[in-house]
Amino acid sequence: MTTPTGNDPKSLIASEMERTAVPKGVDRRTFLMRSGVITATAVLTGRSISAQQQTAAATAAPPLSKDLEVVKAQSKPVMTTIDEFYKVGPGPSSSHTIGPMRITYDFYQRCEKLPAATLAKATALKVHLYGSLSATGKGHGTERAALAGIVGKEPATVDPAFLDSLASNPNQTFPVKLGSKTFTASLKDIIYDSPKGDFPHPNTMTCKLMGGDQVLNELEYYSVGGGFIEWKGYTPPKKGAPKYPYSTMAELQGHADKNKLSIAQVVMANEVSVSGKSEAEVNAFIDKITTAMTNIVKTGLAAPTATLPGPIKLKTKAGEVYKRAMDDEYEKQRGVGIVAAYALAGSEENARGHLVVTAPTGGSAGVMPALVYSIGEGGRKMPQEKIRNGMLAAAGIGYLCKHNATLSGAEGGCQAEIGVASAMGAAFLAQVHDFPPQVTANAAEAALEHHLGMTCDPVAGFVQVPCIERCAFGAVKSWTGFMIASNEIPADRRVDFDTTVSAMALTAKEMNSKYKETSEGGLAVSVVLC
């Protein structure tokens, strides 16, 4: 046991933590991490805190409603599948664009199934946005995405030109046919409601079918990050049991080591058993996603320099950065510039509202495409089989972050978006180069660790500053994490992936709401637009 020496703060903190009893039913690591922060604050500020106060603070419940499946799932094995995780849809945000469009399209389909007598009374569809959706929805184009859904358009197939036309001509109206009844819908039917309140999730919205002043049908929805959606009373779809159940990286690695498998092979085995699809079907989906990622980067690089929509008046630069990087006389420096340019290209496509792939979110949609392109067609030209394996390993990292923390900027700040994307990218690189599971996990840990605490503070609510350049830095950090992990002695890494994910979850809970995609703090406040 550590004996305090005088008033040495470190000794006092260590001694206090050793005496701290972990309450029954509370995760030990999380409790001790929170207790350490609380004790340190008390010691360093000279304030006293009772054991009861410390325990109450250290076991504070998460801000999300316990009724959400995304919260309930944390006590079960990972059940996410790859076609749920990698989604194609319009930028600039998976939670503020793709999620709301999926929600309103779902509600539209539900309304189609209502009795004819009910539909005969229908006069309008209304959507109310709350929390972060209300605070920053304008900059994210949430109202355009929501309108697209209620007129019958889906994220994966919507023409971005349709969404662009709503921005340039916001007064358009569109017919909505439900049963024998037809009425019109416009952006006026999307209401920016309360940004502050006690909501089950920061991204809450309510859809209503109206008959004059009468509500004919209503449902509360939640866009929980990465394009995933839930609703009040949500029951997850039935799936098969995973062949190798895991909830942590330690468990995933355990399966890999015991069965002499790679991370990718464990994830693939679970994909097949949980989804019921064959390996060939899973691979075909991955090929579709990597093709989309490649096309996104190529389109972004080829786009002429222009000003992005919105009040920031931000100039695009992916093409210029790429050309100048290619001319760099130093080869290794050139490589960093090229990867950054690829990420800028993907992220600028997202900012334009064009189709992107959530990996894991729209705001971080430049990171993984940059790495896929740099390993494939735009760089090392690795075989597609290795790229598929990398995508599986990356998905496994994303699943664990979603399962044990969050992918939502509105819940966890940008560490949950760029940080997770960078960790996925580092695991992708390690797996593509056939490194063992421990190196893959270490690479992901390193990349995630060095994004901890990153706030989500989009200027004017637009996914432009600092989001676009953050994708470039995230992609480069993926390479850094991979290079450190592949050159160190793997067993010597002091911090493991699970610990870092726990730290991200803890940081998310304690982060001030101003830094959670509300545009009320950080760069969103310090950058003056005039």
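Residues numbered from 1 in each chain as written. Predicted model: local features only at pLDDT ≥ 70, side-chain atom pairs only at ≥ 80, totals over all residues. Heavy atoms only, no water.

Turning next to the overall build of the protein chain. On a plain count of helices and strands, the protein chain comes out with 23 helices and nine strands. Of all 530 residues assigned to the protein chain, the portion counted as buried reaches 54%. Counted over contacts in the protein chain with a minimum sequence separation of 6, partners at least 24 positions apart contribute 76%. By element, 54% of the accessible surface of the protein chain is carried by carbon and sulfur atoms, the whole surface being about 22500 Å². (Helix = DSSP H or I, 4+ residues; strand = E, 2+ residues; numbered from the N terminus. Buried < 20%, exposed > 50% of the residue type's maximum accessible area, 1.4 Å probe, protein only. Contact = heavy atoms within 4.5 Å. Areas by Shrake-Rupley, 256 points an atom, 1.4 Å probe, with all protein chains shown as cover.)

Looking now at the packing of aromatic side chains. Any two aromatic rings considered together are summarised by their centre-to-centre distance and by the angle between their planes. According to the stated counting rule, one finds 11 aromatic pairs in the structure shown. Centre to centre, the rings of Tyr-130 and Phe-199 are 5.5 Å apart; their planes meet at 45 degrees, and the pair counts as tilted. Pair noted here: Tyr-130 is in the loop between strand 2 (124-129) and helix 8 (131-140) and Phe-199 is in the loop between strand 5 (190-192) and strand 6 (204-211), with a separation of 69 residues, a long-range link. Positioned above the aromatic ring of Trp-231 is the side chain of Arg-110, whose terminal nitrogen or guanidinium carbon lies 4.6 Å from the ring centre. Here the guanidinium or amino end of Lys-402 rests over the ring plane of Phe-228, the centre of that ring lying 4.5 Å away. (Phe/Tyr/Trp six-rings, centres within 6.5 Å; stacked < 30°, edge-to-face > 60°. Lys NZ or Arg CZ within 6 Å of the ring centre and 35° of its normal.)

Relative to the helices and strands, Gln-265 is located in helix 12 (residues 263-275). Placed 127 residues apart in sequence, Gln-265 and Leu-392 show a C-alpha to C-alpha distance of 8.0 Å. Among the polar contacts made by the side chain of Gln-265, one reaches the main-chain amide nitrogen of Ser-262 at a distance of 2.8 Å. (Polar contact = N/O pair within 3.5 Å; in protein donor to acceptor, adjacent residues only side chain to side chain.)

The next point concerns helix 16 (residues 367-375). Of all nine residues in helix 16, nine are buried, a share of seventy percent or more. For helix 16, the full list of buried residues reads Val-367, Met-368, Pro-369, Ala-370, Leu-371, Val-372, Tyr-373, Ser-374 and Ile-375. As for helix 16, its buried residues are in contact with helix 13 (279-302), helix 15 (331-351), helix 17 (384-404), helix 19 (418-432) and helix 21 (467-487).

Two measures define how a pair of helices packs: the angle their axes make with one another and the distance between the axes. For the pair helix 19 and helix 20 (residues 437-449), interaxial distance at closest approach is 7 Å and the crossing angle is 155 degrees. Considering the angle they form, helix 19 stands roughly antiparallel to helix 20. Crossing of helix 19 against helix 20: the hand is right-handed. Side by side, helix 19 and helix 20 meet where Gly-419, Val-420, Ser-422, Ala-423, Ala-426, Ala-427, Ala-430 and Gln-431 of the first sit next to Val-439, Thr-440, Ala-443, Ala-444, Ala-447 and Leu-448 of the second. The residue makeup of the contact of helix 19 with helix 20, split by class, is 10 nonpolar, four polar and no charged. (Axes fitted to C-alpha atoms, helices over the stretch in contact; angles between N-to-C directions. Parallel < 35°, antiparallel > 145°, perpendicular 65-115°, else oblique. Left-handed = near helix turned anticlockwise from the far one by under 90°. Nonpolar A, V, L, I, M, F, W, Y, C, P; charged D, E, K, R; others polar.)

Next up on the list: unusual backbone geometry. Looking along the chain, the bond that leaves Ala-359 and enters Pro-360 is cis, with omega of 10 degrees. In this fold, Pro-360 is placed in the loop between strand 9 (355-358) and helix 16. In this model, Val-465 is joined to Pro-466 through a cis peptide bond whose omega is 5 degrees. Assignment of secondary structure puts Pro-466 in the loop between helix 20 and helix 21. With phi around 55 degrees, Lys-260 is a residue other than glycine that occupies positive phi space. Within the element layout of this structure, Lys-260 appears in the loop between helix 11 (249-258) and helix 12. A relative accessible area of 75% means that Lys-260 is categorised as exposed. One non-glycine residue, Ser-519, adopts positive backbone phi at about 60 degrees. Residue position: Ser-519 is located in the loop between helix 22 (497-510) and helix 23 (523-526).

Tyr-86, Met-368, Met-391 and Phe-428 are the most contacted members of the largest nonpolar core, which totals 96 residues. In terms of residues, this core owes the most to one element, helix 19, which gives 11 residues. Filtering out sequence-adjacent residues up to four positions away, Tyr-86 remains in contact with Phe-285, Ile-289, Val-357, Thr-358, Ala-359, Met-391, Ala-394, Ala-395 and Met-424. Core analysis: the second largest hydrophobic core is formed by 38 residues, Tyr-105, Leu-133, Leu-163 and Leu-219 among them. (Core = buried A, V, L, I, M, F, W, Y, C linked by side-chain atoms within 4.5 Å.)

Under the definition given, this model contains 15 salt bridges. The closest approach of N and O atoms between Lys-76 and Glu-69, which form a salt bridge, is 3.6 Å. By relative accessible area, which is 39% here, Lys-76 ends up partly exposed. Salt-bridge contacts for Glu-349 lead to Arg-352; the nearest nitrogen and oxygen are separated by 2.7 Å. Beyond isolated ion pairs, a larger network of salt bridges with shared partners links Glu-445, Glu-488 and Arg-493. (Salt bridge = Lys/Arg side-chain N within 4 Å of Asp/Glu carboxyl O.)

By themselves, these observations are geometric and do not establish any function.
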